[in-house]
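Architecture and fold: a report
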Amino acid sequence: MKIMKKFKYFLLIIMGLVLVSSCEKGTDLPMPNVVKANSAVFKVNDTVSAPFINVSNVDAYSLTFDIDLLFNHPFKKIDIMVVMDRDFSKQYVLKTITSVPTSVTITGADIVAAIPALASSADIVAGDVFYVFGNVELTDGTYLPGMLSDGKIALASDNINIVGILKNAVPDVRIAVPCAFNPAMAVGSYHAVSKDWGSSGDVTVTADPNDPYKIYVSGFETMEGLVEDKGPLPMFIKKNYSVDVPRHVLVSSLAPWGLPYTNLAYGGKGTYNTCNGSYTLTMEVTVDQGSFGSYTWVLTRN
């Protein structure tokens, strides 16, 4: 585990040198290809959209959003796609638009009609989840998918951050079909695994005594041999059961890893599964000296 962290340390040094070198070269460097970096983006209207699908009344569900392009560029069409239960090999068209920005409303009936496996709204059950995103076709025939077949967002991670900065939007929308929220299911002893960060071990999840939707996670760095002197990590379960993780410092020093870094912090977002109590979190790992990048953790109840 420490070897992987040290490898990421050397990558961080290299990235820093590249950044300095790039700055020294002035303005002669080519600009990014905004055509290939483009994407459909969604700004959800929370005041009129349901936060999730109520399994007892699927037909009442509606989602309203403004759809736009991240960068202005001529295009032929945007297919608004839907995927069920993370099977991104099966992507179905919900609606097609030919101009932006455009306000679009998606209903429960639209989702049922788009997905062949759903004969009726009764086939949607608690625990299902739907992903909505846009596939863009430019006027020259260039095709820009919103999500890849492995479930990853097609945009580079840097551009995902730009979506929020430039457009106050997101590259995809997740629609949950939750079980009833049970506060006792959201806390307790959990096993945390991050395959890409190279970390696994047990953590403890607790809730604020006055707010069951405000969650604290202790042990992320204790299980990696660090002193988690600035934990726990606070998280917030939102009304659609997405999870906000504000950037929070957990560890003052990385000296036990043999690294000269300070103030290791996590921050990002994720989802909470009300049916089994699990969390899926994608968080950026940073220190005062820079960023290690973003990684995904899955927390399951012990």
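These lines cover the structure that appears in this document, whether it is placed above or below. The model shown is predicted, which means the values in this text are computed figures rather than measured ones.

Observations regarding the packing of aromatic side chains
Inspection of every chain in the model, using the stated rule, returns 16 aromatic pairs. The interplanar angle of 70 degrees and the centroid separation of 6.0 Å between the aromatic rings of Phe220 and Trp297 together place this pair among those described as edge-to-face. One end of the pair, Phe220, is in the loop between β11 (211–218) and β12 (233–237); the other, Trp297, is in strand β16 (residues 290–301), and 77 residues separate them in sequence. Take Phe220: its relative accessible area is 1%, and that puts it in the buried class. Relative to Phe292, the ring of Tyr261 has its centre 5.8 Å away and its plane inclined at 65 degrees; by these criteria the two rings are edge-to-face. Linking Tyr261 in the loop between β13 (242–253) and β14 (262–272) with Phe292 in strand β16, this pair joins segments that are 31 residues apart in sequence. Across the pair, Phe292 and Tyr261 agree in class, each one buried.

A word on the pattern of salt bridges
Taken as a whole and judged by the stated rule, the model has 6 salt bridges. Between Asp87 and Lys90 there is a salt bridge, with its nearest N and O atoms 3.9 Å apart. The class for Lys90 is partly exposed, based on a relative accessible area of 46%.

Some thoughts on the environment of Arg86
Secondary-structure assignment places Arg86 in the loop between β3 (75–84) and β4 (92–97). Expressed as a C-alpha distance, the spacing of Arg86 and Asp128, which sit 42 residues apart in the sequence, is 9.3 Å. Ignoring any residue separated from it by four or fewer positions in sequence, one finds Arg86 in contact with Tyr131 and Gly151.

Criteria and cut-off values
- Residues numbered from 1 in each chain as written.
- Predicted model: local features only at pLDDT ≥ 70, side-chain atom pairs only at ≥ 80, totals over all residues.
- Heavy atoms only, no water.
- Phe/Tyr/Trp six-rings, centres within 6.5 Å; stacked < 30°, edge-to-face > 60°.
- Helix = DSSP H or I, 4+ residues; strand = E, 2+ residues; numbered from the N terminus.
- Buried < 20%, exposed > 50% of the residue type's maximum accessible area, 1.4 Å probe, protein only.
- Salt bridge = Lys/Arg side-chain N within 4 Å of Asp/Glu carboxyl O.
- Contact = heavy atoms within 4.5 Å.

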